[in-house]
Amino acid sequence: WNRELPAAQIRKSTPLRQLGWIRIEPGLVLVEVQLLPSDVGTQLPRNLRIMVDPNMELVTTSHNAGQFQTLETTANRRTLLARTDGDRLRLRFRLTDRSGIAELSLPRIEVENSRIVQNWWGCTVHPSLSFERKVGRDFPSLDPAVFSDDWGTPSTPPTFSVSIPSSSTDWRMRTYAR
């Protein structure tokens, strides 16, 4: 469902930074995403339409339950409407078709009328699992402490982190039981 945007629409689109954190545990894969405006001091648009892989089930809490609405789910994608009220939108998904021991690829996330200008991903692998990265090309490594600082909440840095071109989905990894 990747689609090319006309040049005029790209110029009018909102530039965003995307931070993603994949947390892999035995029996569970969580994907956390933060969307931020790329320009300091600006706010996110009030409503964002977000398209994700259909195997990404939104995890809501009492804190954010009214913030999201599922508009459509098809075999190829799930479309969400997110209501924002600031400079950072946090989303959390559970992958419904993967356990912690699996071949994993970078989940597809698109924000309508936006373009990702910075795409950082961190990955935390549970200590009982081993992993192997299967990257089709080399993506620049990112210091996990820098990623964790940018994440914005106190946390242990990820096992590893990378900067991925916004148009790429070529990142893969495999996890194994130790």
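Above this text you will find the structure in question.
In this text, all values refer to a predicted model and were calculated from it rather than measured experimentally.

S.K.: What is the right way to read the environment of leucine 48 from this model?
M.R.: Position of leucine 48 relative to the elements: it lies in strand S3 (residues 47–52). The exposure class assigned to leucine 48 is buried, which follows from its relative accessible area of 2%. Taking the C-alpha atoms as reference points, leucine 48 and leucine 80, 32 residues apart in sequence, are found 8.1 Å from one another.

S.K.: Please clarify how the pattern of salt bridges should be interpreted in this entry.
M.R.: Note on pairing: side chains with opposite charge can pair once their charged atoms come close. According to the stated counting rule, one finds 7 salt bridges in the structure shown. Here arginine 92 ties to glutamate 32 by a salt bridge, and the two come within 3.4 Å at their closest N and O atoms. Taken together, the positions of arginine 92 in strand S7 (residues 89–95) and glutamate 32 in strand S2 (residues 28–37) put the pair 60 residues apart, joining distant regions of the chain. Each member of the salt-bridge network shares a partner with another, and the members are Arg23, Glu32 and Arg92.

S.K.: Would you mind showing me how to read the nonpolar core here?
M.R.: Generally speaking, a soluble globular protein has its nonpolar side chains buried in company with each other. The biggest cluster of nonpolar side chains holds 36 residues, and the ones touching the most others in it are Ile24, Leu35, Ile50, Leu89, Leu91, Trp121 and Trp171. In this structure, Leu19, Trp120, Leu142 and Trp151 belong to the second largest nonpolar core, which totals 7 residues.

S.K.: What's the story with the sheet that holds strand S8 (residues 103–105) in this structure? I'm lost.
M.R.: Sheet strands pair via backbone hydrogen bonds, and the direction of the pair is either parallel or antiparallel. Read across the open sheet, the 3 strands follow the order S8-S13-S11; overall the sheet is antiparallel. Each having just a single partner strand, S8 and strand S11 (129–133) make up the two edges of the open sheet. Strand-to-strand twist across the sheet, computed as the mean angle between neighbouring axes with direction ignored, equals 25 degrees. Bridge count between S8 and strand S13 (residues 172–177): 3 bridges; the pairing is antiparallel. Counted as the bridge partner of glutamate 103 is arginine 174 from S13.

S.K.: Even after reading the chapter, I still don't get the sheet that holds S7, so can you show me in this structure?
M.R.: In space, the 6 strands of this open sheet follow the order S4-S7-S2-S1-S10-S12, with mixed pairing throughout. The outermost strands of the open sheet, each flanked by one partner alone, are strand S4 (56–58) and strand S12 (160–163). Neighbour to neighbour, the strand axes of the sheet diverge by 25 degrees on average, direction disregarded. As paired strands, S2 and S7 are joined by 6 bridges and run antiparallel to one another. Bridging across to S7, glutamate 32 finds its partner in arginine 92.

Parameters at a glance
- Every chain begins its residue count from 1, and numbering advances along the sequence as written.
- Note on the predicted model: pLDDT of at least 70 is required for a residue's local features to be given, and 80 or more for side-chain atom pairs to be given and counted; whole-chain, interface and lining totals, by contrast, use all residues.
- Only hydrogens and water are set aside; all other atoms, that is, all heavy atoms of the structure, feed into the side-chain values.
- Labels follow the DSSP assignment, with helices taken as runs of H or I lasting at least four residues and strands as runs of E lasting at least two, numbered in each case from the N terminus.
- Three labels apply to residues, based on accessible area from a 1.4 Å probe with only protein chains included: buried if under 20% of the type maximum, exposed if over 50%, partly exposed otherwise in between.
- Any carboxyl oxygen of Asp or Glu that lies within 4 Å of a side-chain nitrogen of Lys or Arg is treated as forming a salt bridge with it.
- Only buried residues count toward a nonpolar core. Its members are Ala, Val, Leu, Ile, Met, Phe, Trp, Tyr and Cys residues joined through side-chain atoms within 4.5 Å.
- Pairs of strands are assigned from DSSP output, requiring at least two bridges between the strands.
- Helix axes are fitted only over the stretch in contact, all axes being lines through C-alpha atoms; the angle between N-to-C directions runs from 0 to 180 degrees.

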